[in-house]
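What follows is the residue order along each chain.
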Amino acid sequence: MKVSDIMRVKGGTLYTIQPQESLERAIETMSQFDIGSLAVMEHGDLVGMLTFREVIHTLAKNGGTLGGKTVRTVMDDHPMTCTPETELEQVRPMMLERHTRYMPVMDNKMLMGVISFYDVAKAVVDSQNFENKMLKAYIRDWPEEETGKSEPNFP
């Protein structure tokens, strides 16, 4: 399974913000749309990611206030990315290794979307459920062997 498969199911809604915006505005946007991340875009390029992790760290460092910060001052300016062609088996360890909950999906320099750890986990569970269903159907339709021998009858 590829990242493009997740993107196809997830849909194309993408939430972005500019780096000069206030952190307060970013939090309002995240709250309004019930999302955990914003792709930070400048002049059409991805320049960072802002997630609730950076917001929490900022609040912790500033005694519970935002301190008039801008998105640029707290964003992750080197987010780990993948492509639509990246296999899910590659994405999972990447996200686990860096404790990344949100990963931008890039096609060359174009931002195609953002996948979350939830999206990845859901895709894996859905795939396993489908495989289990197919295996159970296959086992139910398992052909009887016609060897002429009688099978032992165990109690």
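Parameters and conventions
- Residues numbered from 1 in each chain as written.
- Predicted model: local features only at pLDDT ≥ 70, side-chain atom pairs only at ≥ 80, totals over all residues.
- Heavy atoms only, no water.
- Pairing = 2+ DSSP bridges.
- Helix = DSSP H or I, 4+ residues; strand = E, 2+ residues; numbered from the N terminus.
- Core = buried A, V, L, I, M, F, W, Y, C linked by side-chain atoms within 4.5 Å.
- Buried < 20%, exposed > 50% of the residue type's maximum accessible area, 1.4 Å probe, protein only.
- Contact = heavy atoms within 4.5 Å.
- Salt bridge = Lys/Arg side-chain N within 4 Å of Asp/Glu carboxyl O.
- Arc of directions from axis to C-beta.
- Axes fitted to C-alpha atoms, helices over the stretch in contact; angles between N-to-C directions.
- Parallel < 35°, antiparallel > 145°, perpendicular 65-115°, else oblique.
- Left-handed = near helix turned anticlockwise from the far one by under 90°.
- Nonpolar A, V, L, I, M, F, W, Y, C, P; charged D, E, K, R; others polar.

> Let's hear about the sheet that holds strand S3 (residues 45-51): which residues, and what values?
Pairing in this open sheet of three strands is mixed, and the strands run S1-S2-S3 from one edge to the other. Each of the sheet's edge strands pairs with one partner strand only, and the pair in question is strand S1 (16-17) and S3. One ladder, built from two bridges, connects S1 with strand S2 (residues 37-42); its direction is parallel. The residue of S2 that forms the bridge with Ile17 is Val40.

> Account for the nonpolar core, with residues named and values stated.
Formed by 14 residues in total, the largest nonpolar core has its most connected members in Val3, Cys82, Val91, Met103, Ile115 and Val120. At the level of secondary structure, the elements contributing two or more residues to this core comprise helix H1 (3-10), helix H5 (88-97), strand S4 (102-107) and helix H6 (117-140). For Val120, the residues in contact, after removing those within four places along its chain, are Ile6, Leu88, Val91, Arg92, Met95 and Ile115. Listed in part, the eleven residues of the second largest apolar core include Leu23, Val40, Leu50 and Val74.

> Go over the side chain of Asp119, please, and point to the residues and values.
By secondary structure assignment, the location of Asp119 is in helix H6. Ignoring anything within four residues of it in the chain, the contact list for Asp119 reads Ile6, Lys10 and Val114.

> Account for the pattern of salt bridges, with residues named and values stated.
Under the defined criterion, the tally for this structure stands at five salt bridges. Among the salt bridges present, the one from Glu85 reaches Lys2, with a minimum N-O distance of 2.8 Å. Taken together, the residues span a long stretch of sequence, with Glu85 in the loop between helix H4 (71-74) and H5 and Lys2 in the segment before H1 at a distance of 83 residues.

> Can you tell me about the pairing of S4, naming the residues and giving the values?
Most of S4 sits inside the fold, with five of its six residues counted as buried. With six bridges joining them, S4 and strand S5 (residues 110-116) adopt antiparallel strand pairing. Among the inter-strand pairings, Tyr102 is bridged to a residue of S5, identified as Ser116. A loop of two residues connects S4 with S5, the two strands running antiparallel in sequence, and Asn108 in this loop sits at a positive phi of about 60°.

> An account of helix H2 (residues 23-33) is needed here, citing residue identities and associated values.
Restricting attention to buried positions, one finds in H2 the residues Leu23, Ala26, Thr29 and Met30. The buried side chains of H2 occupy one side of the element, clustering within an arc of 120° when seen end-on. Exposed and facing more than 90 degrees away from the buried side of H2 are Ser31 and Gln32. Close packing links the buried residues of H2 with S1, S2, S3, helix H3 (52-61) and H4. At the C-terminal side of H2, Asp34 shows a positive phi close to 55°.

> Could you give me a rundown of the packing of H5 against H6, with the residues and numbers involved?
Axis separation between H5 and H6 bottoms out at 11 Å; the angle between their running directions is 140°. What the angle tells us is that H5 and H6 run oblique. Crossing of H5 against H6: the hand is left-handed. Across the interface between the two elements, Leu88, Val91, Arg92, Met95 and Leu96 of H5 pack against Phe117, Val120, Ala123 and Val124 of H6. Per-class residue counts for the contact of H5 with H6 are eight nonpolar, no polar and one charged.

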